[in-house]
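A structural walkthrough
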Amino acid sequence: MMLHLFFLSICVFASSVFAAFGFTKSGSNYVIDAGSSNTLVFTVTDSSCDITSIKYRGTELQDSSGRTQLSSGLGSATVKIESVTASSVNYVKVTCTTSTLTHYMVVKEGESNIYLATYIKEEPSVGELRFIARLKSSVLPEEYPYGKVSTTTGSSSTVEGSDVFVVNGETRSKFYSSTRFIDKDAQCVYGGSDVIHVCVLAPHPESSSGGPFFRDIESNNAGAATNLYWYMNSGHVQTEAFRTNVLHGPYILTFSRSGVPKLSDSDTSFFSGLGVTGYVAESGRGYVSGTASGVPSSFQIVVHWYNSAAQYWTIASSNGAFTSPAMKPGTYTMVLYQGEFKVATATGVSVSAGKTTSKSIASTLTSRNSLWKIGEYDGQPTGFLNADKFLRMHPSDSRMTAWNPVTYTVGSSSLNQFPMALFQNVNNPVTIKFNLKSTPGAATLRIATTLSFAGSRPQAKVNSWTGPAPSAPTKIDSRGVTRGAYRGYGEVYDVSIPSGTLVAGDNTITITSISGSSGTTFLNPNFIFDAVELFT
C-alpha cells in the first residue's frame, strides 16, 4: 500500500513537471499547457476569450472575482484554437474575433509566456483598449518598478474621483505607476516565498498613440486583485487620434522565477509565420538614419516619426547620429526634441521596405539675448517646486512642499522655489523680481508650458503694464497633474513687452493663471511650467 502511494505521488509530481504541450477542451473552456519546465497552464473561455485560470508551477494566480481579458471583457467573441508549427517550432494559437477586433494569444512550446496581439478596426465599444491581468493579491501583492505608490488596498479615504486614495497617510493611485513609452521595460507584479514575477513586456508600441513620452497605468494592487495592465489606447491626457486598422503588439505576459525579465531579451519575430493580421515582419520594413544637430549636449536628443498608422522613436548618440527602429513603409512626419521640447519638424519622410532613408534634422531654436531664464526648455517641469514628487503622489500629499503664491527673485532664489504648476485658487500668482543694469527697450517674455487643465493659461503683468489675455488652449478632456501627468500640447506663450515698460533697476513680473472655468482645490484650472525667459 505504501509503495502504491509512493508511486502515485511520483506520477503526480512528474505530470506537473513534465507537462504535455498543447490544449484540451473542457466543457466550455480550452485548457492550454505551455509544456514548460516551470509549468504554465491557463484556461480560456470558448465564448468570450476571457482567461479564467492561470496556474504557474501549480499555484493559481488568477483572481477568482475577475478575469484576465481585453478592456473590461469582450462580452462575446468567436474563439478559435489551433496547433501551429512554423520553422519546426510548435505553437498553440488562439484567435478571438468580434466585429471590431481580432485578439490573438500564442503559446510557444516550452516557454512560460503568453504572447498577445490585438488588431483593431475601430476603438472598441467595450472600453479602453487595454489588456488587464487580474491576479491574486494574496500571491502577488507587490508592484514593480515603482512599488507602493499604486497599491491602493487598505485605503482610508478617497482624495479625488474613484482613483486617488489615502493609504497610511500617503496618496496613492494606479496612475502613479506610469512610465514614458521611451523608457519602458518590464512592468511586473510579484510575491510569494518562491518569488514569482508576472510581467508585461511590450516591444515598441508602434500602433498606440501619444508619442515617445506618453505614459499610462501599469499596475495596481487594489485589494482582492493585483491588476497588471498593458494600455494600448486610452483617453488619459490624449493628444493624438487613436490608430485603427492596425495591429497592437505583439506584447507578452511572462512568468518568471528568476527575477525581472528584460525587454531587450524578448523576441516576437516568429509571429511572421503565424498568420496574424496586421503583422509586418522586419523584412517588410525600412529604416531612417541621419544626424540630429543643434541640441545642446546637456539634453537627451530624441527623434520621433509618426503618421496615421504608426509611431516610432529613437535616442540619438551624443554626436547626434541616429538610426530608427524598423518602420512600416509609409510617409512620416519627423520631429526632433531636446529632452521633450519640440525643436524641429520635417514632413514627407518616406520609408520603403528593405531600404534605409537618409534624413538629418536640425534644431530651429534661434539664439537670442537672454536677460534671464528660469528652468530649461526640456518639455518638463524639471527642477521646479514639487517636480521631484508629483509623478508618484497627489498635490495634496503631506510630503509635498506647501503650494503657496511664490515670489521668485532672479539671481538669489533657487530653482526649486519656483512652482511647477500654477493652480488658479491655490498658489496663484507667481511673482518674479529682477534687476536690470540698463533699460532694454522692447523685450519678449516667453512662458513655455507643458500641460493645461480646464482652459488655464498664463497672463503676464510687467511692472504697471498688463499683457493681453491669451486665448484658451486646445482642451484635453482629462485630469493632468493630479494623476501624475504633465505632458499635453506644450503651448508656448510669447508676450511682447513694449519699449519703456522695463526699466533700469528693479522690475516685477507677475504671472497669473486665468480661465473661464472653475474647480475645487487642485482640480482648479491649472497649467504646468516648462521654462520662463526674458529676452531681447
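Here's what I pulled together on the structure shown here. (Residues numbered from 1 in each chain as written. Predicted model: local features only at pLDDT ≥ 70, side-chain atom pairs only at ≥ 80, totals over all residues. Heavy atoms only, no water.)

Focus on the state of the cysteines
- All chains considered together, the criterion is met by two disulfides.
- Note that Cys188 is cross-linked by a disulfide to Cys199, the S-S spacing being 2.1 Å. Measuring handedness by torsion sign, the sulfur bridge of Cys188 and Cys199 sits at about 105° and is right-handed. Highlighted residues: Cys188 in strand β16 (residues 187-191) and Cys199 in strand β17 (residues 196-201), separated in sequence by 11 residues.
- With its bonded cysteines labelled in order along the sequence, the protein shows the pairing 1-2, 3-4. (Disulfide = S-S within 2.5 Å. Helix = DSSP H or I, 4+ residues; strand = E, 2+ residues; numbered from the N terminus.)

A few points about the nonpolar core
- Formed by 50 residues in total, the largest nonpolar core has its most connected members in Phe42, Met105, Ile114, Phe131, Val198, Leu253 and Phe255.
- Broken down by element, the residue count for this core peaks at four residues, all from strand β11 (residues 129-136).
- Those residues in contact with Met105 that lie beyond four places of it in its chain are Val44, Cys49, Ile51, Val92, Lys93, Val94, Cys96, Ile114, Tyr115 and Leu116.
- Counting residues in hydrophobic clusters, the runner-up holds 42 residues, among them Phe418, Met420, Phe434 and Val532. (Core = buried A, V, L, I, M, F, W, Y, C linked by side-chain atoms within 4.5 Å. Buried < 20%, exposed > 50% of the residue type's maximum accessible area, 1.4 Å probe, protein only. Contact = heavy atoms within 4.5 Å.)

Things to note about the sheet that holds strand β14 (residues 164-167)
- As summarised here, the arrangement of the three strands in space is β13-β14-β15, forming an open sheet in which the pairing is antiparallel. Strands at the two margins of the open sheet, each flanked by one partner only, are β13 (157-160) and β15 (170-172). Between one strand axis and the next, the sheet turns by 35° as a mean value, whatever way the strands run. (Pairing = 2+ DSSP bridges. Axes fitted to C-alpha atoms, helices over the stretch in contact; angles between N-to-C directions.)

Describing the environment of Met327
- Tracing the backbone shows Met327 in the loop between β24 (321-323) and β25 (330-338).
- On the basis of relative accessibility, which here comes to 0%, the residue Met327 falls in the buried class.
- Along the backbone, Met327 and Gly284 are 43 residues apart, and their C-alpha atoms lie at a distance of 8.7 Å.
- Not counting the four nearest positions on each side in its chain, Met327 is found in contact with Arg285, Gly286, Val288, Trp305, Tyr312, Tyr332 and Val351.

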